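Results of the structural survey
Listed below, chain by chain, are the residues.
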Amino acid sequence: MRLIPRDDPAQALRIRRFLIAFVAYFIWLILIVYCHFLDLIRLSIGETAILYGGLIVINIGFFFVFRTGLNKKFSEPSLTVPQMVVATIAAMLVIYFTDRIRALLLLIYFMTFIFGVFRFNLRQYILFALFTFCSYLLLVLMLFQTHPEQMDAPIEILQLFIFGTVLFWFSLVGSYISSLRNRLSAANHELKHALATIEDLAIHDDLTGAYNRRQMHEELRKAKNLADRGGMPFSVAIFDLDYFKPVNDDFGHQKGDEVLQQVVRQVGSRIRETDILARYGGEEFMVIMVASDIAGASECAQKIRKSVHNLKYPGLPDSFRITVSIGATSYRPEESVDEMISRADTALYRAKANGRDRVEIERPETEPGRGG
């Protein structure tokens, strides 16, 4: 099992933040060892080992929760508050056992406080500042009880006042940074959504939702490359709505647009997921059928014709029907896409000439321009 997962970016980010916090404990340990060397701490080496052994066990527990995904069951999966509470209590214990440099070691509290930038709003920051202040106040009261000879009441009150003031200032600045971070994250999300929308508009017809002509040629190019490299057949069918102009004349362009949209939805529901539907131009559309020979293309074209023939249109008379004429062909190895389209167009024109509402096949073995 990897230390940091690759398949879950959010979880990987949480674990990286946890590891940064975990490294901070070892920085504290170096400071404590140095304090031992200078005889500035009342903890023995054994007591320090017990304290840090407990912290390591707790952090291993945090890592287990993150790595197994159990943290995702909580409302705040980053577990920021529990981690900061543990760190604050650890800082309180370390500071309690120091003497002359206790005021200097108050900076340890602020190392913990910085991690709230990742998650806290102003209210959460102020609540945690109160918790931190109260923990230090409790520490001072305990020292007055256990080591009164080392305590100077005016100095301690001044330190408490300064500590509380700095905590409040950290809360304001930290929450502001957190707010900026959240706004930046939201802006990035909106930007990604906008880019996805732009990309979608760039390849889709804005009226029908089918691929546009530019993307149609791109998909044809991909299918041709697959066919030329691996011999995978593909076919195309071009269908045109018969007598569509009178729809706009008799019922208006809005109804005409609705008819186009419904035809596209109907055709989209009758083709395979691997097939591609594109707007060729006006009321002409193309279906690109990957891994389909001429027999498969003929079968698909007939399904399309029959489904459109039987389609009813809300808001239009029950007797109203639209039919489609379809020309289909298959790819001939090494030919150009334009040559293939020309063959399908020839079949479509023949379907129109032979009475419409029909399918005509132009076989790839046949010379372009002749019947098939």
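Quick look at the structure, then.

Cut-offs applied
Residues numbered from 1 in each chain as written. Predicted model: local features only at pLDDT ≥ 70, side-chain atom pairs only at ≥ 80, totals over all residues. Heavy atoms only, no water. Helix = DSSP H or I, 4+ residues; strand = E, 2+ residues; numbered from the N terminus. Buried < 20%, exposed > 50% of the residue type's maximum accessible area, 1.4 Å probe, protein only. Contact = heavy atoms within 4.5 Å. Phe/Tyr/Trp six-rings, centres within 6.5 Å; stacked < 30°, edge-to-face > 60°. Lys NZ or Arg CZ within 6 Å of the ring centre and 35° of its normal. Core = buried A, V, L, I, M, F, W, Y, C linked by side-chain atoms within 4.5 Å. Salt bridge = Lys/Arg side-chain N within 4 Å of Asp/Glu carboxyl O. Pairing = 2+ DSSP bridges. Axes fitted to C-alpha atoms, helices over the stretch in contact; angles between N-to-C directions.

Assignment of secondary structure puts glutamate 360 in strand S5 (residues 359-361). When its relative accessible area of 9% is taken as the criterion, glutamate 360 is described as buried. Excluding anything up to four places from it in sequence, glutamate 360 contacts Ile326, Gly327, Ala328, Ala347, Arg350, Ala351 and Asn354.

What the rule picks out here adds up to 20 aromatic pairs. Between phenylalanine 18 and phenylalanine 22 the ring centres are 5.9 Å apart and the planes differ by 15°, which places this aromatic pair in the stacked class. Of this pair, phenylalanine 18 and phenylalanine 22 both sit in helix H1 (residues 9-37), 4 residues apart, which is roughly one turn of the helix. Look at phenylalanine 239 and phenylalanine 285: their rings are 5.5 Å apart centre to centre, the planes differ by 20°, and that puts the pair in the stacked class. Of this pair, phenylalanine 239 sits in strand S1 (residues 234-241) while phenylalanine 285 sits in strand S3 (residues 284-290), placing them 46 residues apart in sequence. A single burial state applies to phenylalanine 239 and to phenylalanine 285, both of which are buried. Aromatic rings pair up to connect Tyr109, Phe110, Tyr136, Phe163, Trp169 and Phe170 into one cluster. Arginine 42 extends its terminal NZ or CZ atom over the ring of tyrosine 96, reaching a point 5.5 Å from the ring centre. Here the guanidinium or amino end of arginine 356 rests over the ring plane of tyrosine 243, the centre of that ring lying 4.5 Å away.

This brings us to unusual backbone geometry. Both trends apply: most residues other than glycine have a negative phi, and most peptide bonds are in trans. For leucine 79, which is not a glycine, the phi torsion comes out positive at approximately 55°. Counting through the fold element by element, leucine 79 comes out in the loop between helix H2 (45-68) and helix H3 (80-96). Its relative accessible area of 8% is what places leucine 79 among the buried residues. Backbone geometry at arginine 356 places phi at a positive 65°, although glycine is not the residue there. Mapped onto the fold, arginine 356 is located in the loop between helix H12 (337-353) and S5.

Attention now goes to the nonpolar core. Among the nonpolar cores identified, the biggest contains 46 residues, and Tyr25, Trp28, Tyr109, Tyr136 and Leu139 are the most heavily contacted of them. For this core, the secondary structure elements donating two or more residues are H1, H2, H3, helix H5 (107-114), helix H6 (122-146) and helix H7 (153-203). With 9 residues, H3 is the single largest residue contributor to this core. Of all hydrophobic cores here, the second largest spans 32 residues; its members include Val247, Cys300, Val308 and Ile322.

In this structure the tally under the stated criterion is 17 salt bridges. Residues arginine 305 and aspartate 357 are paired through a salt bridge, measuring 3.3 Å at the closest nitrogen-oxygen approach. Of this pair, arginine 305 sits in helix H11 (residues 294-309) while aspartate 357 sits in the loop between H12 and S5, and the two are 52 residues apart along the sequence. The salt bridge partner of glutamate 360 is arginine 358, with a shortest N-O separation of 2.9 Å. Residue classification places arginine 358 among the partly exposed residues on the basis of a relative accessible area of 31%.

Quick look at the sheet that holds strand S4 (residues 324-330) now. Pairing is mixed across the open sheet formed by 5 strands, whose spatial order is S2-S3-S1-S4-S5. Either end of the sheet is taken by a strand with one partner, and the two such strands are strand S2 (276-281) and S5. Looking at each pair of strands side by side, their axes are set apart by 20° on average, direction ignored. In this sheet, S5 lies alongside S4 in parallel orientation, the contact comprising 3 bridges. Residue pairing across strands places isoleucine 326 opposite valine 359, the latter belonging to S5. Those strands touched by helix H10 (residues 253-270) are S1, S2 and S3, and its axis lies near 150° from that of S1.

Locating serine 330 in the fold gives a position in strand S4. For serine 330, a relative accessible area of 7% corresponds to the buried category. Residues serine 330 and methionine 289, 41 residues apart in the sequence, show an inter-C-alpha distance of 9.1 Å. Residue contacts for serine 330: discarding those within four places in its chain leaves Phe234, Ser235, Ser292, Asp293, Ile294, Glu335, Met340, Arg343, Glu362 and Pro364.

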